[in-house]
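Observations on chain architecture
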Amino acid sequence: MKKNFLFISCEEAKHICDKSQYGEATGWERIKLTIRLTWCRVTKAYSKKNSKLSDVIEHAEVDCLKKDERNKLKKQFEEELEKHQ
Amino acid sequence: MANHQLNPNNWIDLYSDYLFNYTISRVNDRAMAQDLVSETFLAGLKSMNNFKGEASERTWLVSILKRKIIDYYRKINSNKGKAEVRMTYNNDSESEGDWLEERVADPFDKTAEDKLENTELGNAIYDCLSKLPEKQAEVFKMKTILGYDTETICNELDITASNLWVIIHRARTALADCMEENWF
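Since this is a predicted model, take the numbers as computed values, not measurements.

Conventions adopted
Residues numbered from 1 in each chain as written. Chains lettered and ligands numbered in written order. Predicted model: local features only at pLDDT ≥ 70, side-chain atom pairs only at ≥ 80, totals over all residues. Helix = DSSP H or I, 4+ residues; strand = E, 2+ residues; numbered from the N terminus. Buried ≥ 20, exposed ≤ 12 C-beta atoms within 10 Å, placed from the backbone. Contact = placed C-beta atoms within 7 Å. UniProt positions renumbered as here; feature names shortened; annotations may be inferred. Core = buried A, V, L, I, M, F, W, Y, C linked by C-beta atoms within 7 Å. Domains from an automatic or database assignment. Axes fitted to C-alpha atoms, helices over the stretch in contact; angles between N-to-C directions. Parallel < 35°, antiparallel > 145°, perpendicular 65-115°, else oblique. Nonpolar A, V, L, I, M, F, W, Y, C, P; charged D, E, K, R; others polar.

**Some points on the overall build of chain B**
- The helix and strand tally for chain B stands at eight helices and zero strands.
- Seen in sequence order, chain B has helices and strands lined up from the N terminus as α-α-α-α-α-α-α-α.
- For chain B, the proportion of its 184 residues judged to be buried stands at 24%.
- Long-range pairs, those at least 24 residues apart, make up 66% of the contacts in chain B between residues at least 6 apart in sequence.

**Looking at the UniProt feature "domain: RNA polymerase sigma factor 70 region 4 type" (unreviewed entry) in chain B**
- Within the UniProt annotation, "domain: RNA polymerase sigma factor 70 region 4 type" (unreviewed entry) is assigned to residues 124–175 of chain B.
- Along residues 124–175 of chain B, the helical share is 79% and the strand share 0%, with 10 Å between the first and last C-alpha atoms.

**Here's the deal with the UniProt feature "domain: RNA polymerase sigma-70 region" (unreviewed entry) in chain B**
- As recorded in UniProt, the sites labelled "domain: RNA polymerase sigma-70 region" (unreviewed entry) are residues 13–75 of chain B.
- Secondary structure content for residues 13–75 of chain B is 81% helix and 0% strand, and the end C-alpha separation is 29 Å.

**Description of the nonpolar core**
- Judged by nonpolar contacts, the single largest core of 38 residues is most densely connected at Leu19, Phe20, Val37, Ile125 and Leu175 of chain B.
- Going through the elements one at a time, α3 (41–60) and α4 (67–84) of chain A together with α1 (11–27), α2 (30–46), α3 (57–77), α5 (112–129), α6 (134–145) and α8 (161–182) of chain B are the ones with two or more residues in this core.
- A total of eight residues in this core trace back to one element, the largest contributor, which is α1 of chain B.
- Each of domain 1 (8–77) and domain 2 (129–184) of chain B gives at least three residues to this core.
- In contact with Ile125 of chain B, other than residues within four places in its own chain, are Ile57, Ala60 and Val62 of chain A.

**As for the domain arrangement of chain B**
- For chain B, the assigned domains read domain 1 (8–77) and domain 2 (129–184).
- Measuring from the centre of the C-alpha atoms in domain 1 of chain B to the corresponding centre in domain 2 of chain B gives 25 Å.

**Observations regarding the packing of α3 of chain A against α8 of chain B**
- α8 of chain B packs onto α3 of chain A with a crossing angle of 75 degrees between their chain directions and a minimal axis gap of 10 Å. Considering the angle they form, α3 of chain A stands roughly perpendicular to α8 of chain B. For the pair formed by α3 of chain A and α8 of chain B, the contact residues are Lys49, Asn50, Leu53 and Val56 of chain A on the first element and Arg172, Leu175, Ala176 and Met179 of chain B on the second.
- Class assignment of the residues belonging to the contact of α3 of chain A with α8 of chain B gives a composition of five nonpolar, one polar and two charged.

**Notes on the interface of chain A and chain B**
- Contacts between the two partners involve 30 residues from chain A, matched on the other side by 32 residues from chain B.
- Put simply, the parts of the chain that give the side of chain A that touches chain B at least two residues each are α1 (10–21), α3 and α4 of chain A.
- For the side of chain A that touches chain B, the leading source of residues is α4 of chain A, giving 10 residues.
- Of the residues assigned to the side of chain A that touches chain B, the class counts are 11 nonpolar, five polar and 14 charged.

Below you can see the structure in the form of structure tokens.
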């Protein structure tokens, strides 16, 4: 078995951590991340901070305009702006 | 001291999401929230001469929006009877006592304090989002707030998946740092 079979770099661990916030990390990636989390303090700190951010955003229930909604708003406003200038 | 200036050319890009989030948490109707935000920008445009420069552009627009929201509630409550609280309980003896259960507080129901905290939290998130580069903020909002899948965002913005994750990583790191400084 290769030594680096289960080893991932800190950057890769952060990448998997980001993906898992959106439920897009595979099972295998999550296993590799879990192993890294047992010994890497940097990954652990990043993971904690990242999860906290996800919790906060979910708790705040923030919303924003969809692209088509924003474009519609922009078009309406620009028409008025043109008349105004 | 009057040192703030208005630049309506940037209003939509800079404030539309903030104002929309502010509105939707108060009117709970997506279409109505969009209308109110649109009306706010138009009213801002018409009353630009009244801007004294004492408040920031965003604060000034929010003050207009607040009046629009109050007007909206006045309007929907103006028809007689709409603001009345109606309670109808059964006279049927078999269901006697059912009203007690109906009146018991729902533990999942949000209290006013919860809503207030959420609104403040939402404002703090938007304050931090406004500090991000435009592209980072856009990708983050699409992915995290609107919940679009990776492929849709990549197609819409013409970026690769690995590019998307780099942007998301930078945005999340900056946001977490900013929130840690201002909220956590």
